[in-house]
Amino acid sequence: MNEKPQPQPPAAKPAAAPPAVAQPAAPSTQPHPGVPLPNWRPGNPLRLETEHYVVRSMQHQDVCDDYLAWTKDEEIMTGVNSAPATMTIDDIHKYIDRFNNKASFHFGVFLKDTGRLIGFYSCYWERRHNLASTNVVIGDKAYWGKGAVVETRDAIIDFMFGRLKVGKIWGNPMCRNVPSVFNYKAQGFRCEAVLKRHRVSPTGERVDQFMFGLLPEDWAAHKAKRAATKAARAARKPEA
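Residues numbered from 1 in each chain as written. Predicted model: local features only at pLDDT ≥ 70, side-chain atom pairs only at ≥ 80, totals over all residues. Heavy atoms only, no water.

### Focus: the environment of P173
Under the convention used in this document: Each helix is a run of H or I in the DSSP string that is no shorter than four residues. Each strand is a run of E no shorter than two, and both are numbered from the N terminus.
Its location among the elements puts P173 in the loop between β7 (168-171) and α5 (178-186). Sequence spacing of P173 and N135 is 38 residues, and the spatial spacing of their C-alpha atoms is 9.0 Å.

### With respect to unusual backbone geometry
The residue N130 is not glycine, and still its phi comes out positive at about 55 degrees. Along the chain, N130 falls in the loop between β5 (117-126) and β6 (131-138).

### What about the packing of helix α4 (residues 148-164) against helix α6 (residues 216-236)?
Formally: Comment: axis = line fitted to C-alpha atoms, over the contacting stretch for helices; angle = value between 0 and 180 degrees taken between N-to-C directions. Each angle is binned into one of four classes, with values under 35 degrees roughly parallel, values over 145 roughly antiparallel, values of 65 to 115 roughly perpendicular, and all other values oblique. Crossings are classed by handedness, with left-handed meaning an anticlockwise turn of the near helix from the far one by less than a right angle and right-handed meaning a clockwise turn. Throughout, a residue-residue contact means that at least one pair of heavy atoms, one from each residue, lies within 4.5 Å. Each residue is assigned to one of three groups, with Ala, Val, Leu, Ile, Met, Phe, Trp, Tyr, Cys and Pro labelled nonpolar, Asp, Glu, Lys and Arg labelled charged, and all others, Gly among them, labelled polar.
At a closest axis distance of 11 Å, the pairing of α4 and α6 adopts a crossing angle of 135 degrees. By the criterion of interaxial angle, the relationship of α4 to α6 is oblique. The interaxial crossing formed by α4 with α6 has left-handed handedness. Here V150, D154, I157, D158 and F161 of α4 come into contact with α6, specifically with P216, W219, K223 and R226. Considered class by class, the residues forming the contact of α4 with α6 number five nonpolar, no polar and four charged.

### Brief notes about the packing of α4 against α5
The contact between α4 and α5 brings their axes to 10 Å, and the two run at 45 degrees. It follows that α4 is oblique to α5 by the angle criterion. Relative to α5, α4 is oriented so that their crossing is right-handed. Two secondary-structure elements touch here, α4 through V149, V150 and R153 and α5 through N183, Y184 and A186. Residues that form the contact of α4 with α5 fall into these classes: four nonpolar, one polar and one charged.

### A short note on the pairing of strand β9 (residues 206-214)
The cut-off we apply is this: We treat two strands as partners when DSSP finds at least two bridges between them.
As paired elements, β7 and β9 share three bridges and run antiparallel to each other. Within the sheet, the bridge partner assigned to G171 lies in β9 and is F212. Taken together, the seven bridges between strand β8 (residues 190-200) and β9 define a ladder with antiparallel strand orientation. Residue pairing across strands places R190 opposite G213, the latter belonging to β9. Linking β8 back to β9 in an antiparallel pair, the connection comprises five residues, with G204 at a positive phi of about 95 degrees.

### Some remarks on helix α3 (residues 89-96)
Just so we agree on the cut-off: Relative accessible area decides the class of each residue, using a 1.4 Å probe on protein chains only: under 20% of the type maximum gives buried, over 50% gives exposed, and in between gives partly exposed. In this description, one arc is meant: the one made by directions from the helix axis to the C-beta atoms.
The set of residues buried in α3 consists of I92, Y95 and I96. Summarising the axial view, the buried residues of α3 lie within an arc of 100 degrees, below the 170-degree limit, and thus occupy one face. Elements that come into contact with the buried residues of α3 comprise α1 (65-71), β4 (104-111) and β5.

### Things to note about α5
One full turn of an α-helix is made of 3.6 residues, so residues set three or four places apart face in the same direction. The complete set of buried residues in α5 reads V181, N183 and Y184. Buried residues of α5 fall within an arc of 160 degrees about the axis and therefore sit on the same side. The outward face of α5, more than 90 degrees from its buried face, is lined by the exposed residues V178, P179, F182 and K185. On its buried face, α5 sits against β6, α4, β7 and β9. Phi turns positive, to about 90 degrees, at G188, one or two residues after α5.

### Quick look at the packing of aromatic side chains
Counted only if it meets this: Any two of the Phe, Tyr and Trp rings considered here, Trp counted by its six-membered ring, make a pair once their centres fall within 6.5 Å; the pair's planes then place it as stacked at under 30 degrees, edge-to-face at over 60, or tilted in between. Either the NZ atom of lysine or the CZ atom of arginine qualifies as a charge over a ring when it sits within 6 Å of the ring centre and within 35 degrees of the ring normal.
Under the counting rule described, the total for this entry stands at twelve aromatic pairs. An angle of 80 degrees between the planes, with centres 5.1 Å apart, marks the rings of Y95 and F99 as edge-to-face. Among the aromatic side chains, those forming a connected cluster through ring pairs are W40, F105, F107 and F159. For R56, the ring lying beneath its charged end belongs to F110, and the centroid distance is 3.9 Å. Positioned over the ring face of Y184 is R153, at 4.3 Å from the centre of the ring.

### Focus: the pattern of salt bridges
To be explicit about the condition: Put simply, a salt bridge is a Lys or Arg side-chain nitrogen that is within 4 Å of an Asp or Glu carboxyl oxygen.
Counted according to the given criterion, the structure contains 13 salt bridges. In this structure, the salt-bridge partner of D158 is K223, at a minimum N-O distance of 3.0 Å. One end of the pair, D158, is in helix α4; the other, K223, is in helix α6, and 65 residues separate them in sequence. By relative accessible area, D158 is classed as partly exposed at 33%.

This is the structure:
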């Protein structure tokens, strides 16, 4: 005989999943864009690497709000004797297009482990007299005074003397820009002149300007002296 179906207990509801917890972004594992120096040809975007940084030709996808903010920061722009700019993101894209990776280079300074942009260089090679110059802005103030300029400009100087075969690299910081003056001297540049009241500051004050120069033989001697100093310090270091 047929039995009546017995009522079944209601199915238990599945336990709610725990709320997702945001995880910190992992360091980028993607290779940095640009052509490594051994394979580089004029006109191609260049990539140079140091211990902590990647110095490479800026591309349009690198343009970011940080870059724009640096151009509007009075403290940063005072270092290059300029007033805060009124640039837009579109203006930065147009600025990048002015560099051809042949005789002019707009290098971004990126952290090697994460790929984050912390500053940039504008570099020019004047072929008529075979002179080159480097202008740098480290926009991320967390890296001020941390040796970022010396480490990254070392690679650019090696590129200019070693690959471009420039005859001289020069720079002309304002005399009151103490960090910039320190960095030039730390890399073996010689002060060739002091131009008295040569520039007008954003506030209308006339200011002095240094002229620094670096020859290939001076750079080679400076690197040799630095290597010898490092070796001597290592020899004096007590063994663990």
